[in-house]
Amino acid sequence: MSTAKKFSSKMDEQTLEQLRDFAKKENRDISSLITEAVQDLLNKKRLRPIFLNRSEEAFEEFDEALKELSK
């Protein structure tokens, strides 16, 4: 596991309060929740282009069959 680096950021008060409440309920620190959320966002953004490319390939490959099915 990599070493955590300290950084500073800003967040609106309401969101920060919700984050603090959630962290307390989950018995986790805010840092671990932010790290998880950012990792999820990065994974989602990386997956989208891959999914779109594969979808486009599938539509091209099965174009005729899809046309027949849509009748």
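Everything numeric here is computed off the predicted structure, so don't read it as measured data.

Conventions and cut-offs
Residues numbered from 1 in each chain as written. Predicted model: local features only at pLDDT ≥ 70, side-chain atom pairs only at ≥ 80, totals over all residues. Heavy atoms only, no water. Helix = DSSP H or I, 4+ residues; strand = E, 2+ residues; numbered from the N terminus. Rg over C-alpha atoms; globule rule 2.2 N^0.38 Å. Buried < 20%, exposed > 50% of the residue type's maximum accessible area, 1.4 Å probe, protein only. Areas by Shrake-Rupley, 256 points an atom, 1.4 Å probe, with all protein chains shown as cover. Lys, Arg positive; Asp, Glu negative; His and termini not counted. Charge placed at Lys NZ, Arg CZ, Asp CG, Glu CD. Patch = residues over 30% accessible without salt bridge, like charges linked within 9 Å, V, L, I, M, F, W, Y side chains within 5 Å. Salt bridge = Lys/Arg side-chain N within 4 Å of Asp/Glu carboxyl O.

*Asks:* Help me get a handle on the overall build of the protein, residues and values and all.
*Replies:* When you go through the protein residue by residue, the secondary structure sums to three helices and zero strands. N-terminal to C-terminal, the α/β element order of the protein is α-α-α. Taken against the 2.2 N^0.38 rule, which gives 11 Å for 71 residues, the C-alpha radius of gyration of the protein at 21 Å runs more than 25% over that of a compact globule. Seen along its three principal axes, the alpha-carbon backbone of the protein occupies a region of about 55 × 30 × 20 Å. Across the 71 residues in the protein, those meeting the buried criterion constitute 6%. With an accessible surface of roughly 7,200 Å², the protein has 55% of that area assigned to carbon and sulfur atoms. One finds the centroid of the 14 positive side-chain charges in the protein at a distance of 8 Å from the centroid of its 15 negative side-chain charges.

*Asks:* Outline a nonpolar patch on the surface, listing residues and values.
*Replies:* A cluster of nonpolar side chains, Leu-47, Ile-50, Phe-51 and Leu-52, forms an exposed patch at the surface whose accessible area comes to about 400 Å². Residue Leu-52 is classed as partly exposed on the basis of its relative accessible area, which comes to 41%.

*Asks:* Pulling in residues and values, what's your account of a negative patch on the surface?
*Replies:* On the surface, Glu-56, Glu-57, Glu-60 and Glu-61 cluster together into a negatively charged patch. Secondary-structure assignment places Glu-60 in helix α2 (residues 30-61). Given the relative accessible area of 57%, Glu-60 is considered exposed.

*Asks:* Any details on the pattern of salt bridges? Residues and values, ideally.
*Replies:* Any two side chains of opposite charge can pair, on the condition that their charged atoms come close. A complete count under the given rule lists one salt bridge for this structure. Where Glu-36 meets Arg-28, a salt bridge forms, and the shortest distance between an N and an O atom there is 2.8 Å. Glu-36 sits in the partly exposed class, given a relative accessible area of 34%. The exposure class of Arg-28 is partly exposed, given its relative accessible area of 32%.

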